[in-house]
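Chains, contacts and geometry: an overview
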Amino acid sequence: MKDWQIELLACPFEHEPLDFEGEQLFCPKCKRNFPIVGGIPSFVVSDLAQAHNEQEWQWKQSEMRARNQQAVFYDRLLGLIFLTPFEAQMTVNALLGDRKKFANLIEIGCGTGRMLQHFAKHSEFVIGADLSLESLNRCRKRFENLGLWERTLLVHADASFLPFRNESFDAVASCQMIEHVPSDRMRQRVVSEIARILKPKGRFAISGYHYSALTKWFGKEGVHKGGIYFFRFTREEFLKLIGQNLKVERLQTIFGYAWLASGVKGS
Ligand SMILES: [Zn+2]
């Protein structure tokens, strides 16, 4: 692992800096080891179960399995092929605000890198975190093919327990991930974790399913095929969730399909 990568990482439990020893990372405080699998440090350890209730952990395990299976064909899903170019442009614009480029940028829930590849143009260093190791492996191949791997760090992590140091990122994006976090309590944790790792004045853009006239027929809350939990947000629900820890400057809808909240972290 490179120095710039180790300097961003922290124990997901108490945010201590980690030591890099052999082929793994070690937390001197809680004595946990975190393996590095194919260049990707993994922080999805079984101890995380204790921080969840049984239902929450079951949903997360179920999503992990589904995403691992999906990883091979995810980029070819018809809806995503249509939506991605528009969604990427809107999200990049929302994230940048009045900025041109970031020193570092992280996407929480980067999956196979569908959006991360667009973000990469606007940041010197690119970091992606995801719950599915298979998706991250695909993402790594994509970034290698694009010649971007040298300035990329991919991390296997739970969005509610991020393995990064406080105030270490210029920009945090999360695209249609938070609706799959299986409880209001854990969704709030995601937002507070995003606020924690952002530098003061750092920018964010977070999108999540919009409960609109268009999407209401597909249900407010439920389970997608393959066992992926989802929750659709009303405007009030989404603003309340994000606004609890971050100052929303702008709220847009992506074709009535997803909300996109963006703004800056108050110092
Ligand atoms: Zn620790």
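A few points on the structure. (Residues numbered from 1 in each chain as written. Predicted model: local features only at pLDDT ≥ 70, side-chain atom pairs only at ≥ 80, totals over all residues.)

The next thing to look at is the overall build of the chain. Helix and strand counts for the chain stand at seven helices and 13 strands. Taking 2.2 N^0.38 as the reference for a compact globule, 267 residues should give roughly 18 Å; the C-alpha atoms of the chain span a radius of gyration of 17 Å, in line with that estimate. Taking contacts inside the chain between residues at least 6 apart in sequence as the whole, the part at least 24 apart equals 65%. (Helix = DSSP H or I, 4+ residues; strand = E, 2+ residues; numbered from the N terminus. Rg over C-alpha atoms; globule rule 2.2 N^0.38 Å. Contact = placed C-beta atoms within 7 Å.)

Bringing the sheet that holds strand β8 (residues 169-175) into the picture now. In spatial order, the strands read β7-β6-β5-β8-β9-β13-β12; together these seven strands make up an open sheet with mixed pairing. With one partner strand each, in any of the chains shown, β7 (152-156) and β12 (247-254) form the two edges of the open sheet. Within this sheet the neighbouring strands show an average axis-to-axis angle of 15°, counted without direction. In this sheet, strand β13 (residues 258-264) lies alongside strand β9 (residues 198-209) in antiparallel orientation, the contact comprising seven bridges. Within β13, the residue paired with Phe204 across the bridge is Gly263. (Pairing = 2+ DSSP bridges. Axes fitted to C-alpha atoms, helices over the stretch in contact; angles between N-to-C directions.)

It is worth spelling out the environment of Arg114 at this point. Along the chain, Arg114 falls in the loop between β5 (102-108) and α4 (116-119). With 61 residues separating them in the primary sequence, Arg114 and Cys175 have C-alpha atoms 9.9 Å apart.

Taken together, four strands build an open sheet; the order of strands is β1-β2-β3-β4 and the sheet is antiparallel. If you trace the sheet from one side to the other, it starts and ends with β1 (19-21) and β4 (40-41), each paired once. Pairing analysis gives three bridges linking strand β2 (residues 24-26) to strand β3 (residues 33-37), with the strands arranged antiparallel. Counterpart to Phe26 in the pairing with β3 is Asn33.

A separate point is unusual backbone geometry. The phi angle at Lys31 is positive, at roughly 65°, despite the residue not being glycine. With respect to the secondary-structure elements, Lys31 resides in the loop between β2 and β3. Positioned with a positive phi, Phe255 is a non-glycine residue whose angle comes to about 55°. In this structure, Phe255 sits in the loop between β12 and β13. The partly exposed category is assigned to Phe255, around which 14 C-beta atoms lie within 10 Å. (Buried ≥ 20, exposed ≤ 12 C-beta atoms within 10 Å, placed from the backbone.)

Let's shift gears to the pairing of β3. Moving residue by residue along a regular strand, the side chains alternate between the two faces of the sheet. Turn length for the β2-β3 hairpin, with the two strands adjacent in sequence and antiparallel, is six residues, and the turn residue Lys31 shows positive phi of about 65°. Where β3 lies against β4, two bridges are found, and the strand directions are antiparallel. By the bridge assignment, Val37 is partnered in β4 with Ile40. Linking β3 back to β4 in an antiparallel pair, the connection comprises two residues, with Gly38 at a positive phi of about 55°.

It is worth spelling out the nonpolar core at this point. With 67 residues, the main nonpolar core has Ala129, Val172, Ala173 and Ile194 as its most contacted residues. The element that contributes the greatest number of residues to this core is helix α6 (residues 184-197), accounting for six residues. For Val172, the contacting residues outside a window of four places in its chain are Ile106, Ile108, Ile194, Ile197, Leu198, Gly202 and Phe204. (Core = buried A, V, L, I, M, F, W, Y, C linked by C-beta atoms within 7 Å.)

Our focus in this paragraph is the environment of Gln50. Looking at where Gln50 falls in the secondary structure, it is placed in the loop between β4 and α2 (54-70). Look at Gln50 and you get exposed, because 8 C-beta atoms sit within 10 Å. With 137 residues separating them in the primary sequence, Gln50 and Arg187 have C-alpha atoms 17 Å apart.

The α-helix advances 3.6 residues per turn, and as a result positions three or four apart in sequence lie on the same side. Taking 1.5 Å per residue as the helical rise, helix α5 (residues 133-145) with its 13 residues ought to reach 18 Å, and the 18 Å between its terminal C-alpha atoms agrees with that figure. Taken as a whole, α5 has its buried residues at Ser135, Leu136, Cys139 and Phe143. Down the axis, α5 shows its buried residues gathered within 95° of arc, on one side only. Looking at the packing, one finds that the buried side of α5 touches β4, α2, α4, β6 (123-130) and β7. (Expected span 1.5 Å × (residues − 1). Arc of directions from axis to C-beta.)

Attention shifts here to the pairing of β5. Counting buried residues in β5 gives six out of seven residues, a clear majority hidden from the surface. Direction of pairing for β5 relative to β6: parallel, over a ladder of six bridges. The residue of β6 that forms the bridge with Glu107 is Gly128. Sheet topology places β5 next to β8; three bridges connect them, and they run parallel. Bridge pairing in β8 links Glu107 to Ala173.

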